[in-house]
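If you want the building blocks of each chain, they are given just below.
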Amino acid sequence: MEIEVISFGKIAEFIPQQKISLSNVSNTDELKVYLEKDFPALAGIKYKLALNKNIVQSTLNLNNNDVIAIMPPFSGG
Amino acid sequence: MDLERYSRQLVLEGFGETAQQKLLNAKVLVIGAGGLGCPALQYLVASGVGCVGIVDDDTISRSNLHRQILYATSDIGKLKARTAAEKLAALNPDVEITPYPIWLEQENILELFARYDFILDGTDNFESRYLINDACVLLKKPLIFAAVSGYEGQLAVFNLTDNQQQCSNYRDLFPIPPTAGEIPNCEENGVLGVLPGIIGTMAAAEIIKLITGKGKPLINKLLHYNLLTQEQYVLQISQAQNYTIAQSEDEFLKMNYHNNCALTEAYSEIDISQMQALKEIESTILIDVRERYEVPQLDPQIFSKVPMSELEHFLETDIAAEHIIFLCQHGIRSVAAAERLSEKYGHTKKIYSLKGGIAKWRNHF
């Protein structure tokens, strides 16, 4: 399965926009574990996932060509 | 109604005097008269929003001027809320403008918010953002959330129910605040002046849409804006179940907004054993801020000497070390030095002060 990953803010500095091929990852919870292992800096900051532009509140199954957005909170004014 | 002043929006298709009257009847509170607040205030006041409150306890500094466009160089040192109110009153005398040069706290926020219809959060720290969010949830007050970081911005409208019966708030996105240093602020990360100009203006547009009932405001949506590409990415927010939020004034007053926020002290006070442990780390520098004549004299191989009288000069140089420990005779001047240094480095370095100073830990020196 191939998904597209888009990230914002500070996270974009270490996870550039890319397509990733996944095996043994079937839902967003497993994807979090996978991403935090591949990009250890992600484990150290708060972030929220969106699957196909919908905020993920509990784990959702992933399908081929899904788009995952990863976003940190912003506080600046 | 000043028909000439508002003539260009009065002639808009589907706007007219009805929409203008809604603006004139509306009460909007803008929190933070900074990069986001300045342009938002200008457009809200210019458009004829009847009552505008401005909350900001800060004064204008030189480094604000590239983005906080209500202020002139000659305003440096003046209170933002009062200065903004003066300029805005000159822009549109129809509008009742109230400056609040105060720091928002649990004790004063509910009473203040109750006087307004819409709240715009244009603050610059997570402590305020969570406080404002929770107060708005408790009061069921529509909240326009605007924030920037680097070249990107976020904008959302919370606490309004959409046609799917969803009603979200900031905690549906981020249930708990980031810890200190987790997310860089504008001081650390930098911001291009025009970015909060765009996001602040978009926030004002959302408020005008909400007041007049025009268009589709970003209710339960989070808009991400990237200045470098002009790309927007809009996400649909649904309600989360995994956080606690105050349901009553009593609960609200008992919440703790000071812990783990970016606003918490950027330095910490440590004891001698913590200092000894940090000393072993290669990227640690120990700085004695006592004047040169003070005793006991410490080993200059281990302790760098930067008397308080020379601190400002020292701050002009860049410190390579990651951990910076200040000490003095009683641990008072070292706190002042740590504070001063944290103004420069924020959370990008670990800054410490030896609590009690050399006098308390005499046997260790």
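The shown structure was predicted, so the numbers you read here are calculated from the model rather than taken from an experiment. The numbering scheme is per chain: residues are counted from 1 as the chain's sequence reads. By the order in which they are written, chains take letters starting at A while ligands take numbers starting at 1. At least 70 in pLDDT is required for a residue's local features to be given in this predicted model, at least 80 for side-chain atom pairs to be given and counted, and no such filter applies to totals for whole chains, interfaces and linings, which use all residues. Each side-chain value is derived from all of the structure's non-hydrogen atoms; neither hydrogens nor water enter the calculation.

A. Layout of the pattern of salt bridges. Residue and element names in this part refer to chain B. Salt bridge, as used here: a side-chain nitrogen of Lys or Arg that lies within 4 Å of a carboxyl oxygen of Asp or Glu. The full count for this structure, using the stated rule, is 13 salt bridges over all chains. The salt bridge partner of K78 is D75, with a shortest N-O separation of 3.1 Å. Burial classification: accessible surface area is computed with a 1.4 Å probe over protein chains only, and a residue below 20% of its type maximum counts as buried, one above 50% as exposed, and the rest as partly exposed. Since its relative accessible area comes to 5%, D75 is described here as buried. The partner of D134 in a salt bridge is R171, and the shortest N-O contact between them spans 2.6 Å. Remark: R171 occurs in the loop between strand 6 (152-158) and helix 7 (186-189) and D134 occurs in helix 6 (residues 126-139); sequence separation between them is 37 residues. The buried category is assigned to R171, whose relative accessible area is 5%. A cluster of three or more residues bridged by salt bridges with shared partners is formed by D75, K78 and K87. Helix and strand assignments come from DSSP, with helices taken as H or I runs of at least 4 residues and strands as E runs of at least 2, each series counted from the N terminus.

B. Spotlight on the interface of chain A and chain B. Residue contacts are defined here by distance: any two heavy atoms, one from each residue, within 4.5 Å place the two residues in contact. At the interface, 23 residues of chain A touch 39 residues of chain B. The tally of links from chain A across to chain B stands at 0 salt bridges. Definition of a polar contact: a pair of N or O atoms within 3.5 Å, with one able to donate and the other able to accept a hydrogen when the atoms are protein atoms, and with sequence-neighbouring residues admitted only if both atoms are side-chain atoms. Where chain A meets chain B, there are 12 residue pairs in polar contact (both at pLDDT 80 or more). Among the elements of the structure, strand 3 (48-51), strand 4 (54-55) and strand 5 (67-71) of chain A are those that each provide at least two residues to the side of chain A that touches chain B. Looking at the side of chain A that touches chain B element by element, the count peaks at 3 residues for strand 5 of chain A. In terms of residue class, the side of chain A that touches chain B is made up of 12 nonpolar, 7 polar and 4 charged. All residues other than Ala, Val, Leu, Ile, Met, Phe, Trp, Tyr, Cys, Pro, Asp, Glu, Lys and Arg, Gly among them, are scored as polar; the first ten of these are nonpolar and the last four charged.

C. Just the UniProt feature "domain: Rhodanese" (unreviewed entry) in chain B, in detail. Look at the UniProt record and you will see "domain: Rhodanese" (unreviewed entry) annotated at residues 280-365 of chain B. End C-alpha atoms of residues 280-365 of chain B are separated by 16 Å, and the span's content is 26% helix alongside 21% strand. UniProt positions are given in the numbering used here, feature names are shortened, and annotations may be inferred rather than shown by experiment.

D. Spotlight on the domain arrangement of chain B. Throughout, the edges of the domains are those of an automatic or database domain assignment. Per the domain assignment, the segments making up chain B are domain 1 (7-254) and domain 2 (267-364). For domain 1 of chain B and domain 2 of chain B, the distance between their C-alpha centres works out to 40 Å.

E. Spatial organisation of the sheet that holds strand 13 (residues 350-354) of chain B. Residue and element names in this part refer to chain B. Spatial strand order, 9-13-12-10-11: 5 strands in an open sheet with parallel pairing. The sheet terminates laterally at strand 9 (267-270) and strand 11 (303-305), the two strands that pair on one side only. Sheet twist, expressed as the average angle between the axes of neighbouring strands with direction ignored, equals 30 degrees. The sheet contact formed by strand 12 (residues 323-327) and strand 13 spans 4 bridges and is parallel. Note on pairing: two strands pair once DSSP finds at least 2 bridges between them. Interaxial angle, 0 to 180 degrees, is taken between N-to-C directions of lines fitted to C-alpha atoms, where a helix line uses only the stretch in contact.

F. Main features of the pairing of strand 8 (residues 231-236) of chain B. Residue and element names in this part refer to chain B. For strand 7 (residues 221-226) and strand 8, the ladder comprises 6 bridges, and the chain directions are antiparallel. Following the sheet pairing, L222 is matched in strand 8 by L235. Count of turn residues in the strand 7/strand 8 antiparallel hairpin: 4 residues, of which Q230 carries a positive phi of about 60 degrees.

G. Layout of helix 6 of chain B. Residue and element names in this part refer to chain B. Expected helix span is computed as 1.5 Å times (number of residues minus one). The end-to-end C-alpha distance of helix 6, which contains 14 residues, comes to 20 Å, matching closely the 20 Å that a straight helix rising 1.5 Å per residue would cover. Of all 14 residues making up helix 6, 12 are buried, and the element is well covered by its neighbours. Residues of helix 6 that are buried: F126, E127, S128, R129, Y130, L131, I132, N133, D134, A135, C136 and L138. Of the surrounding elements, those touching the buried residues of helix 6 are strand 1 (27-31), helix 5 (106-113), strand 4 (118-121), strand 5 (143-149) and helix 9 (249-254). Capping of helix 6 at its N-terminal end is provided by N125; its side-chain oxygen lies 3.3 Å from the backbone amide nitrogen of E127.

H. Spatial organisation of the packing of helix 3 (residues 37-47) of chain B against helix 8 (residues 194-212) of chain B. Residues and elements named next belong to chain B. Two elements in contact, helix 3 and helix 8, have axes whose closest approach is 7 Å; the angle formed by their N-to-C orientations is 35 degrees. Crossing geometry of helix 3 relative to helix 8 is assigned as right-handed. The segment helix 3 lies against helix 8, with P39, A40, Y43, L44 and S47 engaging P196, G197, G200, T201, A204, I207 and I208. For the contact of helix 3 with helix 8, the per-class residue count stands at 8 nonpolar, 4 polar and no charged. The crossing is said to be left-handed when, going from far helix to near helix, the turn is anticlockwise and less than a right angle, and right-handed when the turn is clockwise.

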